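Geometric and topological summary
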Amino acid sequence: MDAPREVTVGVLADEGLPHQVIRSIAEELPDTFASLVSGRTRWRVEHDAVQLPLDEDGDIPMRTLSEQHRRHRGWDLLVLVTDLPQRAGTRPVVAGVDVEEGVALISLPALGAVLVRRRVRALLVRVVRSLLSRSGIDGEHDVGPAERLREALVPTKLLTDQRRSSTTRVALVGLRGRLRLLAGMVRDNRPWRLVPHLAGATAAAAGTAAYGIITSSFWKLADALPSLRLAAIMVVTVLIMTVWLTVYNHLWDRPSGSTERRTALLYNVSTATTLAIGVTCMYAVLFVLALLAAAVLIDSGYFAQALGHRVGVGTYLNLVWLCTSVGIVAGALGSSLEDEETVRSATYGRRERERQERHRRAGEDRGSAKS
């Protein structure tokens, strides 16, 4: 019996979440490939964290990286995993496969915000199977490579690169596909980082909430307001801070061309969603801290005497609810003390900041050309 042929799959992942995902599943990939791609092949998987370079168009040069790393590292196949959203025209791309160069690219944001590891594992199986079947190594499934890529990626559409017939892309289509990309982009921005990064805003919000907790006029106002109005105040204050952070720090893209405007819409929605979730996280943290402070500082007997009736847990919650909302408004003003770059670092992942920097430089170049 012939010894099984050994195939080495190299995986280069962007630093951060892409490499974390690959590192968490790397040990099981050889067995996964043996089970789902080819059991007659001995599989080796090597992975590394790098900062995948971008070409002049802002794309990852798949062929160049394949030539560099496959020859240098002795890899049979190369898979690139990035947290940079990829597009074919206006369509978001999940994966690209160049069978001639033995390289594939996976865009993590297009896989959504949940079940990312499972989706990456399934997609790795499909791109590796596609690369092998085109390079003459038999897989154990009789499904065509194009169909294999589409199996677990609905809703998708297969796109062939008109300039390179060997390159195939899988693009998300429809509202569901765009929502999944949006969720992945927001996850990549990690909105929960907003709280520790915006120290000035958090301090202003906490200070204002603390003042409200010990002020009797806040007690009476919170006691008089119904829960529905308190909920409306909360929503409005979160929106106020979200809009303030967006406008004051120039986080809203304003492209000139119609194609750029369609692309920018997704990024702008991602920005607004990221900030809204981040501000909501700040609200939740502030609410818990204010509730603890109220429980420690406000004696229930004195509280009841000031309000003229018995107090309970609901009375404390209403007070904290109002004070937290007012604190968030103060936090919006406090965010003005933050450097714009600090806010951008708190709002966006590294790849999104790179995209914005390229967009800014392109705008400056166009302005210089006109002058």
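The present account deals with the structure reproduced in this document.

**Considerations on the overall build of the chain**
Helix and strand counts for the chain stand at 15 helices and 8 strands. Split into buried and exposed, the 371 residues of the chain put 47% on the buried side. Sequence-distant contacts in the chain: of pairs separated by 6 or more residues, those separated by 24 or more amount to 75%. Of the roughly 18200 Å² that the chain leaves accessible, carbon and sulfur atoms contribute 55%.

**Focus on empty space enclosed by the protein**
Applying the stated criterion across every chain yields a total of 2 cavities of 30 Å³ or more. Around the second largest cavity sit L17, D83, L108, P109, G112, V116, G184, R187 and D188, which together line it. Looking at the lining of the second largest cavity, the element that brings in the most residues is helix 6 (residues 174-189), giving 3 residues. For the lining of the second largest cavity, the per-class residue count stands at 4 nonpolar, 2 polar and 3 charged.

**So, a nonpolar patch on the surface**
A cluster of nonpolar side chains, V285, V288, L289 and L292, forms an exposed patch at the surface whose accessible area comes to about 370 Å². Relative to the assigned elements, L289 resides in helix 11 (residues 258-297).

**Here's the deal with the pairing of strand 3 (residues 77-82)**
Burial runs high along strand 3: 6 of the 6 residues are buried. Of the two faces of strand 3, the one carrying L77, V79 and V81 and the one carrying L78, L80 and T82 are both buried. Strand direction decides the pairing type here: strand 3 and strand 6 (residues 103-107), joined by 5 bridges, are parallel. Of the residues in strand 6, the one forming a bridge with V79 is A104.

**Notes on the packing of helix 9 (residues 216-224) against helix 12 (residues 300-307)**
Here helix 9 crosses helix 12 at 70°, and the two axes come no closer than 10 Å. The orientation of helix 9 relative to helix 12 falls into the category roughly perpendicular. The segment helix 9 lies against helix 12, with W219, K220 and D223 engaging Y302, F303, A306 and L307.

**Side note on helix 9**
Those residues of helix 9 lying buried are F218, W219 and A222. Projected onto a plane normal to the axis of helix 9, the buried residues spread over an arc of 105° and lie on a single side. Where the residues of helix 9 are buried, they touch helix 8 (199-213), helix 10 (227-248), helix 12 and helix 13 (313-334).

Procedures and definitions
Residues numbered from 1 in each chain as written. Predicted model: local features only at pLDDT ≥ 70, side-chain atom pairs only at ≥ 80, totals over all residues. Heavy atoms only, no water. Helix = DSSP H or I, 4+ residues; strand = E, 2+ residues; numbered from the N terminus. Buried < 20%, exposed > 50% of the residue type's maximum accessible area, 1.4 Å probe, protein only. Contact = heavy atoms within 4.5 Å. Areas by Shrake-Rupley, 256 points an atom, 1.4 Å probe, with all protein chains shown as cover. 1 Å grid on protein atoms, 1.4 Å probe; cavity = no way out; pocket = protein on both sides within 12 Å on 5 of 7 lines; lining within 4 Å. Points joined across faces, edges and corners; volume = space filled by probe spheres on them. Nonpolar A, V, L, I, M, F, W, Y, C, P; charged D, E, K, R; others polar. Patch = residues over 30% accessible without salt bridge, like charges linked within 9 Å, V, L, I, M, F, W, Y side chains within 5 Å. Salt bridge = Lys/Arg side-chain N within 4 Å of Asp/Glu carboxyl O. Pairing = 2+ DSSP bridges. Axes fitted to C-alpha atoms, helices over the stretch in contact; angles between N-to-C directions. Parallel < 35°, antiparallel > 145°, perpendicular 65-115°, else oblique. Arc of directions from axis to C-beta.

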